[in-house]
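Structure at a glance
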Amino acid sequence: MKKTILLIDGGFLRKQARNGGHVYNPQFIERYALACHAADEDLLRILYYDCAPFVGTALLPVSNTPTTFHGSDQWLHDVAALDLFAVRRGTLRFRGYVRKRSHQVGPLTDADFKPQFEQKGVDMRIGLDIAAYSAEHLVDRIILITNDTDCVPAMKFARISGIQTVLVEVPNRVPHRDLVALSDYRRLVPWP
């Protein structure tokens, strides 16, 4: 049996699952995560990386009226309570507004814009965990659900350390070639 951990980039998985028409909640995350490991793997832990929703006030882009963003992080607590799961939190930052459509006739209104948020710290935490598990040889294999090339240096380090890497391919999404090049195995896992 291969000692294994699974690392999930929650922002990536959420976007792909919703694009596939699925409700993204802790039960979906758990079902998908458990479908990602093979019979010869002893799954030691599932590390889930994500951000709580942005909470704060910003001015709307046209009217300059204050608007407040609300959200709950209860779902992250629910994920953390699942068997084998540990949640690693990044932060979500408000980065302003972007136009919904570039070709618009007539004067712009607040409704023509959508807020833009940036996730910070998730990729770094994924990389640090890959490096820590690899340096200490705590596992034989790391399974990764992401399409973020910021993980490439950590994947290189894992392979140099003798740790096998598995890249999970979600349905209808081609993984980035740099991630493919550094994975020992690719594993297509269908939606539950």
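Rules and cut-offs
Residues numbered from 1 in each chain as written. Predicted model: local features only at pLDDT ≥ 70, side-chain atom pairs only at ≥ 80, totals over all residues. Heavy atoms only, no water. Phe/Tyr/Trp six-rings, centres within 6.5 Å; stacked < 30°, edge-to-face > 60°. Buried < 20%, exposed > 50% of the residue type's maximum accessible area, 1.4 Å probe, protein only. Helix = DSSP H or I, 4+ residues; strand = E, 2+ residues; numbered from the N terminus. Expected span 1.5 Å × (residues − 1). Axes fitted to C-alpha atoms, helices over the stretch in contact; angles between N-to-C directions. Parallel < 35°, antiparallel > 145°, perpendicular 65-115°, else oblique. Contact = heavy atoms within 4.5 Å. Nonpolar A, V, L, I, M, F, W, Y, C, P; charged D, E, K, R; others polar. Salt bridge = Lys/Arg side-chain N within 4 Å of Asp/Glu carboxyl O. Core = buried A, V, L, I, M, F, W, Y, C linked by side-chain atoms within 4.5 Å.

The full count for this structure, using the stated rule, is 12 aromatic pairs. Ring plane angle 50° and centroid distance 6.0 Å describe the contact between Y24 and F28, whose orientation is recorded as tilted. The buried category is assigned to F28, whose relative accessible area is 2%. Ring geometry for F94 against Y97: centres 5.3 Å apart, planes inclined by 75°, an arrangement best described as edge-to-face. What links up through ring pairs into an aromatic cluster is the set F54, F69, F94, Y97 and F117.

Attention now moves to helix α4 (residues 122-135). Between its first and last C-alpha atoms α4 spans 20 Å; for 14 residues at 1.5 Å apiece the expected length is 20 Å, and the two agree. Of the residues trailing α4, H137 is marked for its positive phi of about 50°.

Our focus in this paragraph is the environment of V79. By secondary structure assignment, the location of V79 is in helix α3 (residues 74-80). Accessibility expressed as a relative area gives 0% for V79, which makes it buried. Separated by 54 residues in sequence, V79 and N25 have C-alpha atoms that sit 8.5 Å apart.

Turning our eyes to something else, we now look at the packing of α4 against helix α5 (residues 152-160). Relative to each other, α4 and α5 sit at 5°, their axes nearing to 9 Å. Regarding the angle of α4 to α5, the classification is roughly parallel. When α4 is examined against α5, the residues G127, I130, A131, S134 and A135 are found in contact with a partner set consisting of A154, M155, F157 and A158. Of the residues in the contact of α4 with α5, the class split is seven nonpolar, two polar and no charged.

This part covers the pattern of salt bridges. Evaluation of the coordinates by the stated rule reveals 10 salt bridges. Among the salt bridges present, the one from D73 reaches R89, with a minimum N-O distance of 3.1 Å. With D73 in the loop between β4 (66-69) and α3 and R89 in strand β5 (residues 85-99), this residue pair connects regions lying 16 residues apart in the sequence. On the accessibility criterion, D73 (27% relative accessible area) is partly exposed. For R89, a relative accessible area of 31% puts it in the partly exposed group. Salt-bridge contacts for R186 lead to E169; the nearest nitrogen and oxygen are separated by 2.6 Å. Residue R186 is located in strand β9 (residues 185-188), and its partner E169 is located in strand β8 (residues 164-169); the two are separated by 17 residues in the primary sequence. With relative accessibility at 15%, the residue E169 sits in the buried group.

Here the focus is the nonpolar core. Formed by 25 residues in total, the largest nonpolar core has its most connected members in L6, I8, L13, Y32, Y48, F85 and I145. Among the secondary structure elements, those contributing two or more residues to this core are β1 (2-9), α1 (10-19), α2 (26-35), β2 (41-51), α3, β7 (141-145) and β8. A total of four residues in this core trace back to one element, the largest contributor, which is α2. Once residues within four sequence positions are removed from consideration, Y48 is found in contact with I8, G10, R14, Y24, I29, W75, L76, V79, F85, A86, V87 and R88. Judged by nonpolar contacts, the second largest core, of 22 residues, contains I126, I142, L144 and L182.

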